[in-house]
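Single-letter residue listing:
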Amino acid sequence: MSVLEIENLNVYYIMNSRRIHAVRNLSIKIEEGEVLGLVGESGSGKSTFGMSLLRILPESARITADKMVFKRVNSNGQILDSDILKLSETNLRRLRWNHISMIFQSSMNSLNPVARIEDQLADALFWHGYKKGIIDERIDNYLRLAELPESVRYSFPHELSGGMKQRVAIAMSLICNPELVIADEPTTALDVVVQRKILKLLVESKSKLKLSVIFITHDISLLASLAQRVGVMYAGSLVELAPANELFKSPLHPYSIGLMATIPKLEDVKDELFELPGSPPDMSKEVVGCPFTARCKYASQICISQTPDLRQIAPGHFVSCHNAEVIKNGINN
């Protein structure tokens, strides 16, 4: 069953009478129990997409979609649909953390610096109807799940390391037992050892709690052993979507190919790492044709005038590129 179905999502910001397009015509489904990786360079619209699912964008943002439905199964086995864009503020509060939660990009900014950890965890539970005895028990259970000592519950954020604060943020996102978790750059600024522990925690939590996860990152290598499918975003659009093993083996969009080339390989010693030339387009202007044309070595005349659709080129493999067949044949040959 799909837990989330989105069709033609657009998000833009109003700034000084200008429209800054952050997400363009994005359509995707998230399956039950799936980890979907979402990758792209800074400014590609990944975080805006994640926050639009909870409708926690600033007032300057405008969200439109043909469909933006969250599905869940209640205690009686019935499938309940929630149209996220039509929910009242009261119903949105019930949806957030109870059913869809988020691990924010920087834990040191998402935690309240003047409140103890237990108070912050208790707030999330209290506002979703949990009683005192259950609150204490769940705090203990979820701190233990995050492999944190009991002393952490009595600590302030400044008394914890970056990795511990990140695990607190993960515990907070899981504590109401949601069906879908949006992890927005949860390993940013952490060393590789702590990164591995955080990823291990997410994988184990997914299995124990039967979660679906949207894992947002700019580091595509993190998704190799984590995600079942990977979506590549560029200039606010989804340009490639494929099973993770297939995307890593044979990416078909020129941008995805460029991202793969930036991953250093142990057996390939080079004086300089590969750098994708050029810059993304100005999102305040209308994009005519393919937004990647100026940076693409495969670009042809049609790329300049016609925006490519996201189309299936192999089972489960979708690409938004006019020359995907040419690229595919080149890889196979």
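Residues numbered from 1 in each chain as written. Predicted model: local features only at pLDDT ≥ 70, side-chain atom pairs only at ≥ 80, totals over all residues. Heavy atoms only, no water.

Further remarks concern the overall build of the protein chain. Counting its regular elements, the protein chain contains 11 helices and 13 strands. At 21 Å, the protein chain has a C-alpha radius of gyration in line with the 20 Å of a compact globule built from 333 residues. Taken over the C-alpha atoms alone, the protein chain extends approximately 65 × 50 × 45 Å along its principal axes. The burial tally for the protein chain puts 51% of its 333 residues in the buried class. Across the protein chain, contacts joining residues at least 24 apart in sequence account for 65% of those joining residues at least 6 apart. The centroid of the 37 positive side-chain charges in the protein chain is displaced by 3 Å from the centroid of its 37 negative side-chain charges. (Helix = DSSP H or I, 4+ residues; strand = E, 2+ residues; numbered from the N terminus. Rg over C-alpha atoms; globule rule 2.2 N^0.38 Å. Buried < 20%, exposed > 50% of the residue type's maximum accessible area, 1.4 Å probe, protein only. Contact = heavy atoms within 4.5 Å. Lys, Arg positive; Asp, Glu negative; His and termini not counted. Charge placed at Lys NZ, Arg CZ, Asp CG, Glu CD.)

The grouping of Met1, Val73 and Ile79 at the surface amounts to a nonpolar patch, some 250 Å² of accessible area in total. One can find Val73 in strand 5 (residues 67-73). (Patch = residues over 30% accessible without salt bridge, like charges linked within 9 Å, V, L, I, M, F, W, Y side chains within 5 Å. Areas by Shrake-Rupley, 256 points an atom, 1.4 Å probe, with all protein chains shown as cover. Salt bridge = Lys/Arg side-chain N within 4 Å of Asp/Glu carboxyl O.)

So, about the nonpolar core. In a soluble, globular protein the nonpolar side chains are often hidden away together inside. By size, the foremost hydrophobic cluster in this structure holds 96 residues, and its most contacted members are Leu4, Ile28, Phe49, Ile214 and Phe215. In terms of residue count, the dominant contributor to this core is helix 6 (residues 162-174) (7 residues). The residues contacting Phe215, other than those within four sequence positions of it, are Val35, Leu36, Gly37, Leu38, Ala183, Pro186, Leu199, Leu202, Leu222, Leu223 and Leu226. Judged by nonpolar contacts, the second largest core, of 7 residues, contains Leu252, Ile313, Val319 and Ile327. (Core = buried A, V, L, I, M, F, W, Y, C linked by side-chain atoms within 4.5 Å.)

Under the definition given, this model contains 2 cavities of 30 Å³ or more. Considering the residues around the largest cavity, the lining is formed by His253, Pro254, Cys290, Phe292, Thr293, Cys296, Ala299, Cys303, Cys321 and Asn323. Within the lining of the largest cavity, the residues separate by chemical class into 7 nonpolar, 3 polar and no charged. Considering only enclosed or pocket space, the second largest cavity measures out at about 30 Å³ in volume. Forming the walls of the second largest cavity are Ala146, Glu147, Arg167, Lys197 and Leu201. Of the residues that constitute the lining of the second largest cavity, the class distribution is 2 nonpolar, no polar and 3 charged. (1 Å grid on protein atoms, 1.4 Å probe; cavity = no way out; pocket = protein on both sides within 12 Å on 5 of 7 lines; lining within 4 Å. Points joined across faces, edges and corners; volume = space filled by probe spheres on them. Nonpolar A, V, L, I, M, F, W, Y, C, P; charged D, E, K, R; others polar.)

On to the packing of helix 4 (residues 117-126) against helix 6. Relative to each other, helix 4 and helix 6 sit at 20°, their axes nearing to 9 Å. When the axis of helix 4 is compared with that of helix 6, the two are roughly parallel. Every pair of crossing elements has a handedness; the one defined by helix 4 and helix 6 is right-handed. Here Ile117, Gln120 and Leu121 of helix 4 come into contact with helix 6, specifically with Val168, Ala171 and Met172. (Axes fitted to C-alpha atoms, helices over the stretch in contact; angles between N-to-C directions. Parallel < 35°, antiparallel > 145°, perpendicular 65-115°, else oblique. Left-handed = near helix turned anticlockwise from the far one by under 90°.)

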